Amino acid sequence: MDTDFLNTTPELVVTSDGSHSLRFPAVGEGYHSVHGAMSEAVHVYIAPCFESQAKANPMVEVLEVGFGTGLNAFLTLCKSMEYGIAVNYIAIEAYPLEEKIWSRLNYPEVYKKLYGNDLGLDLETIFQNLHTAEWGREVEIRPNFRLTKIRGMVQEIALPANTFHCVFYDAFAPQYQPELWTADLFARIAAAMHDEASLTTYCCKGDVKRALKANGLKITKLPGFANKREMLMAVKN
Ligand SMILES: C[S@@+](CC[C@H](N)C(=O)[O-])C[C@H]1O[C@@H](n2cnc3c(N)ncnc32)[C@H](O)[C@@H]1O
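Structure report, in brief. Everything numeric in this text was worked out from a predicted model, so none of it was measured. (Residues numbered from 1 in each chain as written. Predicted model: local features only at pLDDT ≥ 70, side-chain atom pairs only at ≥ 80, totals over all residues. Heavy atoms only, no water.)

Quick notes on unusual backbone geometry
Here the phi dihedral of Asn 144 falls at roughly 80°; this positive angle occurs in a residue that is not glycine. In this fold, Asn 144 is placed in the loop between strand S6 (138–142) and strand S7 (145–151). (Helix = DSSP H or I, 4+ residues; strand = E, 2+ residues; numbered from the N terminus.)

Structure follows, in structure tokens:
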């Protein structure tokens, strides 16, 4: 599959829960489910992966493959404040969005509508700070939430061993980027995971399951978001 689309500008779309997402009309691929970008992110990454690790660890190390709109980092920060735990969040992104795109995303506003804001956080500033944080450097976004955004291809970036409790595997689908779903790449991701760490992804393809299993990860199929029957959780033990 031609990946030229990754160098084009995606268009802004409104998904079913009111939250924005981005799509590449030429190929029909998007950043999130059209049935609700924020609801999908909570369903696939925050609830099964981050929240379960947050209950077991006072400090959670997160690796995200594909920072994109910053939605997962934003939700993780909000949840970490609720749980009162510390987070070290490493996000890898090969094609960072331009400010003219991320500045239009409505995540702070939709978050308040869907989940409230009992802690009175300045969500607009937080979201902006996630995006303006310098690349390649650890930045304290809030006390107890450190972010390092790494600009580059995940296939080419050295990862620390036995470190991450959560892996948010949020790459474009295998039909568009098969190179991001290989057993070789998952071997490197698995080596970077802590014991009992979990990786979640919206993708439930047989080849992906086999590539994860080949690296000793235990696979559980969970109900998928909206019209998707299944999603995957892979645990290292
Ligand atoms: C499905 S989108 C999800 C992004 C993000 N998690 C979000 O919620 O907006 C996939 C992301 O992976 C990024 N990406 C594509 N190829 C990559 C690569 N080789 N290494 C790291 N990131 C990549 C894309 O630019 C895009 O931001």
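Having seen the model, we can carry on.
Quick look at the environment of Glu 134
By the element assignment, Glu 134 lies in the loop between helix H5 (123–132) and S6. C-alpha of Glu 134 to C-alpha of Leu 147: the two residues are 13 residues apart in sequence and 9.5 Å apart in space. Of the polar contacts made by the side chain of Glu 134, one reaches the side chain of Arg 137; its length is 3.1 Å. (Polar contact = N/O pair within 3.5 Å; in protein donor to acceptor, adjacent residues only side chain to side chain.)

Describing the sheet that holds strand S1 (residues 11–14)
Judged by pairing direction, the sheet is antiparallel, and its three strands sit side by side in the order S1-S2-S3 without closing on themselves. Two strands bound the open sheet, and with one partner strand each, they are S1 and strand S3 (29–30). Of the strand pairs in this sheet, S1 and strand S2 (residues 20–24) are connected by four bridges, and their pairing is antiparallel. Bridge assignment links Glu 11 to a residue of S2, and that residue is Arg 23. (Pairing = 2+ DSSP bridges.)

A word on the sheet that holds S7
Taking strand neighbours across the sheet as the criterion, the eight strands line up as S6-S7-S5-S4-S8-S9-S11-S10 in an open arrangement whose pairing is mixed. With one partner strand each, in any of the chains shown, S6 and strand S10 (217–223) form the two edges of the open sheet. On average, each strand axis in the sheet is inclined to that of its neighbour by 20°, with strand direction left out of account. Set on the sheet, helix H2 (residues 71–83) makes contact with strand S4 (59–65), strand S5 (86–93), S6, S7 and strand S8 (164–169); between it and S5 the angle comes to about 175°. (Axes fitted to C-alpha atoms, helices over the stretch in contact; angles between N-to-C directions. Contact = heavy atoms within 4.5 Å.)

Here's the deal with the state of the cysteines
Two cysteines form a disulfide when their sulfur atoms are joined by a covalent bond. Considering all chains together, one arrives at zero disulfides under this definition. Free cysteine Cys 49: the closest other cysteine sulfur is in Cys 166, separated by 3.9 Å. Assessed through its relative accessible area of 0%, Cys 49 is described here as buried. Cysteine Cys 78 remains unbridged, with the sulfur of Cys 166 as its closest cysteine sulfur at 16 Å. (Disulfide = S-S within 2.5 Å. Buried < 20%, exposed > 50% of the residue type's maximum accessible area, 1.4 Å probe, protein only.)

Comments concerning the site of the ligand
Surrounding the ligand, one finds 21 residues, the nearest of these being His 32, Gly 66, Thr 69, Glu 93 and Asp 170. The separation between a nitrogen atom of the ligand and a polar side-chain atom of Glu 64 is 2.9 Å. Here Gly 66 contributes a backbone N or O atom positioned 2.7 Å from a nitrogen atom of the ligand. In isolation the ligand exposes 590 Å². Once the protein is present, 99% of that is buried. Residues of the shell around the ligand, tallied by class, amount to ten nonpolar, eight polar and three charged. (Near = heavy atom within 4 Å. Areas by Shrake-Rupley, 256 points an atom, 1.4 Å probe, with all protein chains shown as cover. Nonpolar A, V, L, I, M, F, W, Y, C, P; charged D, E, K, R; others polar.)

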